[in-house]
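Coordinate inspection notes
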Amino acid sequence: MRSALWRLSFAITSMIALAFLVPLAYVTKQIAHDRALVEARSQADAMVAALASAPGDTSASLVRAVVTLPAGQSGRLAVHLTGQPTVGTSHALAADVERTARQRRSQTVDAPGGLAYLQTVVLDGDRTAVVEVYVSDDELSRGVSAAWLALAGLAVVLVAGSTLVADRLGARIVASTRRLAEGARAFGDGDLQARVEPDGPPELRDAARSFNRMAEQMVAFADAERELAADLSHRLRTPLTALRLDADAMPPGPIGERMRQAFDALDDEIEQIITQARRSVVDRGPETTDLVEVVADRLAFWSVLAEDQNRPWRVTGGREPVYVPVSESDLISAVDCLLGNVFQHTGEGTGFEVHVSARGLFVDDAGPGIADPAGALRRGASGAGSTGLGLDIVRRVAESAGGRLIIERSPLRGARIAIELDPFAAETPTPRSARKIVR
């Protein structure tokens with residue numbers, strides 16, 4: 001914007017300067033031309049007066065009259081008498097002199113290297129003499145170069161000055177605009193405390209104030225949504241408590257113990273959701289979570305159910321931590337959705353594989369696959385008793401981590417559902433040695 005402003009100022013000032021200076025340059029040249037001709041007429045009139053006062057028309061008297069004038073002394077003055085030799089130095093063509101004598105009127109004619117001013121004089125006996133004053137090209141343009149140089153310097157000063165002023169004015173506008181853009185960029189990147197100090201022209205100050213109001217409202221809306229989520233999660237406590245009482249009433253055994261462990265894990269999850277939801281979005285700030293650690297923890301939970309259903313499974317990769325810019329609760333929800341999708345949509349005994357690496361998390365199963373991947377993301381339209389909410393959660397988390405959700409055919413001839421962190425990766429994950437999972 002700043003460069004556009006000074007370029008615009010430069011263009012406008014240049015056009016204005018040209019509009020005024022070109023005519024001025026022409027007028028300056030014309031003034032120098034007219035001044036030289038006026039001086040030539042003055043010399044001719046002086047010669048006419050000298051001829052009128054000279055005693056007779058002898059060559060000696062004419063020579064004395066010519067040399068008394070500056071033009072005669074510099075070789076620019078001549079007197080043409082009919083039938084007599086020319087007195088002085090002539091530059092005009094003979095034809096032009098004869099035509100001037102015949103027409104008996106003064107005129108300016110071209111001469112080699114300049115102009116010649118010819119003026120007729122009627123002498124005694126109705127005789128006509130022609131006085132010639134020569135004006136060279138240097139005399140015609142005397143002072144023009146200096147005037148043009150001064151005009152050019154003035155134009156440069158005017159254009160440079162206006163451009164500098166426009167640049168200074170533009171710098172203030174650009175600085176205000178840049179601060180507004182930086183505030184909007186920081187807010188978009190997750191810094192919900194980012195605000196903009198109103199500055200600059202009235203329009204930009206109003207835009208900054210509007211941005212600050214929008215940011216405050218968005219934070220308030222997000223907090224309201226989080227509070228609603230916390231209230232909804234809290235309502236689950238009542239039915240969960242009833243189920244826990246029923247589980248405690250079950251006789252001792254592996255089934256009852258597994259039910260009680262599941263209720264404890266679910267109670268911890270709900271407590272974490274409520275605690276996280278009640279925190280203001282401004283207080284949270286950016287979060288990062290180790291994907292490998294979350295996958296290991298959740299596989300420890302799902303592996304118990306996999307053993308009960310006789311599902312063969314294995315995990316590959318996970319040799320190095322993989323940090324993703326999402327909260328731990330969101331990442332746990334996404335991993336549970338991916339693993340739970342296998343148990344929900346494939347029969348008992350169906351195997352699955354999990355691969356975790358810097359590329360992301362890939363979950364493959366040996367089930368029937370997903371016939372309509374696009375439809376699986378539509379809530380309430382994915383079929384098989386699914387609402388599509390789980391995959392929508394995975395998609396949201398994947399996009400928050402800077403990746404994408406993949407739904408395709410797996411190497412096990414079933415479904416592959418993955419969070420790919422590198423959207424440009426194209427290679428299929430190569431299985432590596434299994435990471436040890438504590439069961």
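Owing to the predicted nature of the structure, the values given are computational and were not obtained by experimental measurement.

Further remarks concern the sheet that holds strand β9 (residues 352-357). Spatially, the five strands line up as an open sheet ordered β7-β9-β10-β12-β11, and their pairing is mixed. Each having just a single partner strand, β7 (313-317) and β11 (404-409) make up the two edges of the open sheet. Each strand axis lies, on average, 15° off the axis of its neighbour in the sheet, ignoring direction. As paired elements, β7 and β9 share five bridges and run parallel to each other. Along β9, the bridge assignment pairs Thr-316 with His-355. The sheet contacts of helix α11 (residues 291-308) involve β7, β9 and β10 (360-365), and relative to β9 the element is tilted by about 170°. Taken strand by strand, helix α12 (residues 328-345) contacts β9, β10 and β12 (415-420), and its axis lies near 10° from that of β10.

Turning our eyes to something else, we now look at α12. Residues spaced three or four apart along an α-helix point in a common direction, a consequence of the helix completing one turn every 3.6 residues. If you check α12, its first and last C-alpha atoms are 26 Å apart, about what 18 residues at 1.5 Å a residue would give, namely 26 Å. Residues Ser-329, Leu-331, Ile-332, Ala-334, Val-335, Asp-336, Leu-338, Leu-339, Gly-340, Asn-341, Val-342 and Phe-343 constitute the buried set of α12.

This brings us to the pairing of β11. Pairing of β11 with β12, which is carried by six bridges, proceeds in the antiparallel orientation. Following the sheet pairing, Arg-404 is matched in β12 by Glu-420.

As a further point, take the nonpolar core. Ranked by size, the top nonpolar core spans 35 residues in total, and within it Leu-291, Val-295, Leu-339, Phe-352, Val-354 and Leu-361 carry the most contacts. For this core, the elements supplying multiple residues, two or more each, are α11, β7, α12, β9, β10, α14 (389-400), β11 and β12. Per-element accounting of this core gives the leading share, eight residues, to α12. Beyond its immediate stretch of four places on either side in the chain, Leu-361 contacts Leu-291, Val-295, Val-335, Leu-338, Val-354, His-355, Val-356, Ile-417, Ala-418 and Ile-419. Counting residues in each nonpolar core, the second largest holds 25 residues, with Leu-37, Ala-40, Leu-77 and Val-131 among its members.

This next bit is on the side chain of Asp-290. Within the secondary structure, Asp-290 is located in strand β6 (residues 289-290). Note on Asp-290: relative accessible area 12%, which makes it buried. Here the side chain of Asp-290 touches Val-322 through a polar contact of 3.0 Å, landing on its backbone nitrogen. With residues up to four places along the chain from it excluded, the contact list for Asp-290 reads Pro-321, Val-322, Tyr-323 and Leu-331.

This part takes up the sheet that holds strand β4 (residues 114-123). With antiparallel pairing, five strands are arranged side by side in an open sheet as β2-β1-β5-β4-β3. Bordering the open sheet on either side are β2 (87-88) and β3 (107-111), each of which pairs with just one other strand. Looking at chain direction, β3 and β4 are connected through five bridges and run antiparallel. Residue pairing for β4: Ala-111 is matched across the bridge by Gly-114.

What follows is about the pairing of β3. Residues of β3 alternate between two faces, with Gln-107, Val-109 and Ala-111 buried on one and Thr-108 and Asp-110 left unburied on the opposite face. Hairpin remark: β3 followed by β4, antiparallel, with two residues in the connecting loop; positive phi at Gly-113, about 80°.

Summed over the entire model, instances satisfying the criterion amount to five aromatic pairs. Chaining the aromatic ring pairs together yields one cluster made of Phe-301, Trp-302, Trp-313, Phe-343 and Phe-352.

With that settled, the discussion passes to the UniProt feature "transmembrane region" (unreviewed entry) in the protein chain. According to UniProt, the positions carrying the feature "transmembrane region" (unreviewed entry) are residues 6-27 and 146-166. Strand forms 0% of residues 146-166 and helix 100%; the C-alpha atoms that close the span are 30 Å apart.

Thresholds applied
- Residues numbered from 1 in each chain as written.
- Predicted model: local features only at pLDDT ≥ 70, side-chain atom pairs only at ≥ 80, totals over all residues.
- Heavy atoms only, no water.
- Pairing = 2+ DSSP bridges.
- Helix = DSSP H or I, 4+ residues; strand = E, 2+ residues; numbered from the N terminus.
- Axes fitted to C-alpha atoms, helices over the stretch in contact; angles between N-to-C directions.
- Contact = heavy atoms within 4.5 Å.
- Expected span 1.5 Å × (residues − 1).
- Buried < 20%, exposed > 50% of the residue type's maximum accessible area, 1.4 Å probe, protein only.
- Core = buried A, V, L, I, M, F, W, Y, C linked by side-chain atoms within 4.5 Å.
- Polar contact = N/O pair within 3.5 Å; in protein donor to acceptor, adjacent residues only side chain to side chain.
- Phe/Tyr/Trp six-rings, centres within 6.5 Å; stacked < 30°, edge-to-face > 60°.
- UniProt positions renumbered as here; feature names shortened; annotations may be inferred.

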